[in-house]
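# Architecture and fold: a report
One letter stands for each residue in the lines below.
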Amino acid sequence: RLREELAHWSGPAATADGLPVKLLANVADGPSSASAGTEPVQGVGLFRTELCFLNRKDEPSVEEQTDIYASVLSPYSDGRYVVVRTLDAGSDKPIAFATQEGEENPALGVRGLRLSFGNPGLMDRQLDAVAAAAGRTGTETWVMAPMVATVAEAADFAAKVHARGLKAGVMVEIPSAALLAHRMLEVVDFLSIGTNDLTQYAMAADRMATDLAHLTDPWQPAVLQLIAITAHAGAEAGKPVGVCGEAAADPLLATALIGMGISSLSMAARAVRPVGAQLGKVTLETCEAAAEAALGAADPMAGRAAVRELLGH
Ligand code: PEP
Ligand code: MG
């Protein structure tokens, strides 16, 4: 029955009482982008550009980067949009031409946006290539930076992206960015919450450590509180705030995120139908009740149980 229901769910996503929700795909390269484009998605919410270069020794030329990015953008030139993330190299994703070896604590080291501090040309060339690919394909293109910690970083990044005529945003993956979301939104056009890293940094628990799974759980009330602060700032500013970490792919948690005021959910393509079908069964009021229950729960297990009961599962 469930399989039939999912096959019949064809979007666009909305709550049972008609609040539209943007469902987007996380992609890694041209082929995964093309196949995600056949799902009922409004676009791509996270193109992890570093995954194109994991086994490259040297930085690809601007021309080669442009070709790769254009292959990811072109399936969405039909009026949909793609959020391109600049290189998030370092820590769990070392890239030979970008990252340093031998850091004491790579998760807290020079990763993501921080790579551009010592090597601004790397960022400039990537942004040139993204802008060229946007021009070539005609796809609406937004660009965001990973691992942003301060409003000044967000402002510097946005200036570079705006100079190329594209929409600029930052990821909220560090608690400092969530706490200052309202000020981030004074300088950028949108925010995207990366719950994998936001959870790691809020709970001080390595996202790769399997024996800390009870801590690296996005249902942790402290993590949800940071998400709620960010969503609230977006609603106040009238600017989009999405979630693009694994949390967005959990149909139960998705209801709570929508109840907090999150405007888009970006996930692995295979999760789109289950999340869309679940959202179609609940009203905004139920989503708001789910948010309240999850935020108020003692721990992740209690939060899941409370939301499950609210949704009649
Ligand atoms: C995240 O941290 O939640 C995220 C989406 O980025 P990545 O998983 O690529 O670090
Ligand atoms: Mg991340």
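If you check an unreviewed UniProt entry, the protein chain appears there as Phosphoenolpyruvate-protein phosphotransferase from Nocardioides furvisabuli. The protein chain has a UniProt comment under Sequence similarities (unreviewed entry) that states "Belongs to the PEP-utilizing enzyme family." UniProt annotates the protein chain under Cofactor (unreviewed entry) with the comment "Mg(2+)".

Looking only at helices and strands, one finds 14 helices and 8 strands in the protein chain. In summary, the protein chain has a C-alpha radius of gyration of 19 Å against a globular reference of 20 Å for 313 residues, a match within 12%. Within the protein chain, the proportion of its 313 residues that are buried is 47%. Within the protein chain, contacts between residues separated by at least 24 positions form 66% of all contacts whose residues are at least 6 apart in sequence.

Here we come to the environment of Gly-276. With respect to the helices and strands, Gly-276 occurs in helix α12 (residues 272-279). Judged by the 24 C-beta atoms lying within 10 Å of it, Gly-276 falls in the buried class. Through-space distance from the C-alpha of Gly-276 to that of Leu-6 is 8.6 Å; in sequence the pair is 270 residues apart. In this structure, Gly-276 is in contact with Trp-9, Gly-11, Ala-13, Leu-23 and Pro-40, ignoring residues within four places of it in sequence.

Turning our eyes to something else, we now look at the packing of helix α3 (residues 62-73) against helix α5 (residues 120-137). Packing of α3 against α5 brings their axes to within 8 Å, and their N-to-C directions diverge by 45 degrees. The pairing of α3 with α5 is recorded here as oblique in orientation. As for the relative orientation of α3 and α5, their crossing is right-handed in sense. Residue-level contacts link Val-62, Gln-65, Thr-66, Tyr-69, Ala-70 and Leu-73 of α3 to Arg-125, Gln-126, Asp-128, Ala-129, Val-130, Ala-132, Ala-133, Ala-134, Arg-136 and Thr-137 of α5. Counted by class, the contact of α3 with α5 contains 9 nonpolar, 4 polar and 3 charged residues.

Next up on the list: the sheet that holds strand β3 (residues 81-85). Spatially, β1-β2-β3-β4-β5-β6-β7-β8 is the arrangement adopted by the 8 strands of the closed barrel, whose pairing is parallel. Direction aside, the axes of adjacent strands within the sheet are offset by 25 degrees on average. Where strand β2 (residues 43-48) lies against β3, 4 bridges are found, and the strand directions are parallel. If you follow Arg-48 over to β3, its bridge partner there is Arg-85. Of the strands in this sheet, β4 (140-145) and β5 (167-172) touch helix α6 (residues 151-163), which is tilted by about 150 degrees from β5. Here α12 sits on the sheet in contact with β1 (22-27) and β8 (264-267), set at roughly 165 degrees to β1.

Leu-46, Arg-48, Asp-88, Glu-173, Gly-194, Thr-195, Asn-196, Asp-197, Cys-244 and Gly-245 make up every residue found near ligand 1. Put simply, the parts of the chain that give the shell around ligand 1 at least two residues each are β2 and α9 (195-203). If one sorts the elements of the shell around ligand 1 by residue count, α9 sits on top with 3 residues. Split into classes, the residues belonging to the shell around ligand 1 amount to 2 nonpolar, 4 polar and 4 charged.

Our next topic: unusual backbone geometry. With an omega of -5 degrees, the peptide bond running from Gly-11 to Pro-12 counts as cis. Relative to the helices and strands, Pro-12 resides in the loop between α1 (2-8) and β1. In this structure, Ser-91 is a non-glycine residue whose phi angle is positive, near 55 degrees. Even without being a glycine, Ala-204 presents a positive backbone phi close to 50 degrees. Take Ala-204: it is sitting in the loop between α9 and α10 (221-237). When the 8 C-beta atoms within 10 Å are taken as the criterion, Ala-204 is described as exposed.

Looking now at the pairing of β5. Most of β5 sits inside the fold, with 5 of its 6 residues counted as buried. Judged from the 4 bridges that link them, β4 and β5 form a sheet pairing that is parallel. Counterpart to Ala-145 in the pairing with β5 is Val-170. A crossover connection joins β4 to the parallel β5 through α6; in handedness this β-α-β unit is right-handed. Direction of pairing for β5 relative to strand β6 (residues 190-193): parallel, over a ladder of 4 bridges. Residue pairing for β6: Gly-169 is matched across the bridge by Phe-190.

Attention now goes to the nonpolar core. Soluble globular proteins tend to pack their nonpolar side chains together in the buried interior. Counting 89 residues, the largest nonpolar core has Val-44, Val-170, Leu-191, Leu-257 and Leu-265 as the members making the most contacts within it. For this core, the element with the most residues is α10, which contributes 7 residues. Setting aside residues up to four positions removed in sequence, Val-170 forms contacts with Met-144, Ala-145, Val-148, Ala-154, Phe-157, Ala-177, Met-184, Val-188 and Leu-191. One finds Phe-53, Leu-87, Ile-95 and Ala-98 within the second-largest nonpolar core, a separate group that totals 8 residues.

Cut-offs used in this document
- Residues numbered from 1 in each chain as written.
- Chains lettered and ligands numbered in written order.
- Predicted model: local features only at pLDDT ≥ 70, side-chain atom pairs only at ≥ 80, totals over all residues.
- UniProt positions renumbered as here; feature names shortened; annotations may be inferred.
- Helix = DSSP H or I, 4+ residues; strand = E, 2+ residues; numbered from the N terminus.
- Rg over C-alpha atoms; globule rule 2.2 N^0.38 Å.
- Buried ≥ 20, exposed ≤ 12 C-beta atoms within 10 Å, placed from the backbone.
- Contact = placed C-beta atoms within 7 Å.
- Axes fitted to C-alpha atoms, helices over the stretch in contact; angles between N-to-C directions.
- Parallel < 35°, antiparallel > 145°, perpendicular 65-115°, else oblique.
- Left-handed = near helix turned anticlockwise from the far one by under 90°.
- Nonpolar A, V, L, I, M, F, W, Y, C, P; charged D, E, K, R; others polar.
- Pairing = 2+ DSSP bridges.
- Near = placed C-beta within 6 Å.
- Right-handed = clockwise from strand over helix to strand, strands pointing away.
- Core = buried A, V, L, I, M, F, W, Y, C linked by C-beta atoms within 7 Å.

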